[in-house]
Amino acid sequence: MPRNWIKGGCLVLNSIYTLLLTSILSGMFTMLSPKQLDQFKTDGYTVIENVLSPEHLAQMKTRAASIVNDWKDDTDNPIFTTQDNNRSNNNYFLNSAENISCFYEEEAFDANGEFVQKREDCINKIGHALHELDPTFQTISHLPLLGDIAKDLGLEQPELRQSMYIFKQPRIGGVVNWHQDATFFYSDPISVITFWFAIEDATLENGCLWVEPKGHLGPLRERFNRDDNITTMDALDDTPWPTESGVPLEVKAGTLVCFHGKLPHYSAPNRSEKSRQAYTLHVTDGRCHYAESNWLQTKTLPLRGFDIID
Ligand code: FE2
C-alpha cells in the first residue's frame, strides 16, 4: 500500500477521532455534578457551595451598604411586604423594575413614624436592576460560571430579568410568604429559574430559605398581572401551600441555591441578632414567550444572559 495512502488514512482517522471526542466531551461536560442535576430535576432545586468567593461577598456587602447610605428617601411608601399581594398603584415599586431602589422592612417604623433601629438596619431590600446598573453587581451577575450553570439547568438562551439584594435584617427581617417565582415571571412554557446566593450564612435562626421538594411538579397557583399601573394577584389553582412538606436550606455564605420557577418557597421572619443577606437573580429562557402582563418588563435596559461585560 502506498505510504501516502497510509498517511492520508491516518489523518482521516485522527480527524474522526477528534470530532468524536469533542462531541462526546461537550455533551458530557457539565459544571454541576450528576447528583446536583438529578436533584434539580427531581426535587426542583439544587445547592452549589462556594460559588461566590469571600472577595465577591465582601464586595457585594460593601456596595449594598453604600447604595443604602446614598439613597435619598423621598417617597411615600417604600415599604416592601409580601402581605400586600396587589401592590396596586405603587409607582415606586413599579418604577423599580429598571432602576435601583431601596425598600424598608414592614416593621421599620414605630407608632410615631420613627425608625425602630438604625436606618441602615431597616432596609428590606434593594431592587430590581442591580445586574445592569451597578458595576459591582453587574460584574458578579454575569460571571461566566453562572452561564455554565444556567446551561446545565436547561436555559439555552438565558435572559436576566431581575436582581434583588435582600437584607433580612436582625430582629425585624420580614416573612416572605410561600410563593412560586413563575407567578411573577410567567412565560409560555414556564422557564424562570431563580439563582439565590447566600451572602451570609443562612440558618433556621436568621430566617433561611425553605423549599418544598418536588413542589415544582404541581400547578402554578397564582399570576401577578399588570395592566398599566394596576397590578393584581390572580388565582389559578387552589392547591394549598406546604405546611409539613417544606424543608429548610441552611447554607454557608457563598452558596448558590438554584430553583425551578414553580417550586414553592418561603422564609420566616428574622428575630435573631444576625442579618441573613442574600442576592437573587431571576432568569428566563429567550426561547419561551415572556408574558406582556408580567409586572416587570425590560424596556430601557439590555436584556441579556451571562455574557461577559466589558
Ligand atoms: Fe421568590
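We now turn to the structure provided with this report. Since this is a predicted model, take the numbers as computed values, not measurements.

## Re the sheet that holds strand S13 (residues 265-267)
- Spatial ordering of the open sheet is given by S5-S13-S8-S11, a layout of four strands whose pairing is antiparallel. Either end of the sheet is taken by a strand with one partner, and the two such strands are strand S5 (176-179) and strand S11 (247-249). Looking at each pair of strands side by side, their axes are set apart by 25 degrees on average, direction ignored.
- Looking at chain direction, strand S8 (residues 209-211) and S13 are connected through three bridges and run antiparallel. In the strand pairing of S13, tryptophan 210 is matched with tyrosine 266.

## Things to note about the pairing of strand S4 (residues 158-166)
- Of all nine residues making up S4, nine are buried, and the element is well covered by its neighbours.
- Where S4 and strand S14 (residues 278-285) come together, eight bridges link them in antiparallel fashion. Across the sheet, methionine 164 pairs through a bridge with threonine 280, a residue of S14.

## Focus: the sheet that holds S4
- The antiparallel open sheet is built from seven strands, whose spatial order is S1-S12-S7-S14-S4-S3-S2. Strands at the two margins of the open sheet, each flanked by one partner only, are strand S1 (45-48) and strand S2 (100-104). Ignoring which end each strand starts from, the neighbouring axes of this sheet average 20 degrees apart.
- Pairing of S2 with strand S3 (residues 123-128) involves five bridges; the strand directions are antiparallel. Note that in S3 the partner of phenylalanine 103 across the bridge is lysine 125.
- Packed onto the sheet, helix H2 (residues 34-43) meets S1 and strand S12 (256-260) and runs at close to 150 degrees relative to S1.

## Quick look at the pairing of S3
- Among the six residues in S3, six count as buried, and that is most of the element.
- Where S3 lies against S4, four bridges are found, and the strand directions are antiparallel. Its bridge partner lying in S4, glycine 127 is registered against methionine 164.

Rules used throughout
- For every chain, the first residue of its written sequence is number 1, and the numbers climb from 1 along that sequence.
- Local features in this predicted model are restricted to residues of pLDDT 70 or higher, and side-chain atom pairs are both shown and tallied only at a pLDDT of 80 or more, whereas totals for entire chains, interfaces and linings draw on every residue.
- The pairing criterion is simple: DSSP has to find at least two bridges between the two strands.
- What counts as a helix is a DSSP run of H or I of at least four residues, what counts as a strand is a run of E of at least two, and both are numbered from the N terminus.
- Here an angle of 0 to 180 degrees is reported between the N-to-C directions of two axes, which are lines fitted to C-alpha atoms, with helices fitted over the stretch in contact.
- Think of it as a crowd count around each C-beta: if 20 or more other C-beta atoms lie within 10 Å the residue is buried, if 12 or fewer it is exposed, and in between it is partly exposed, with C-beta placed from the backbone throughout.
- This entry defines residue contacts through backbone-placed C-beta atoms, with two residues in contact when those atoms are within 7 Å.

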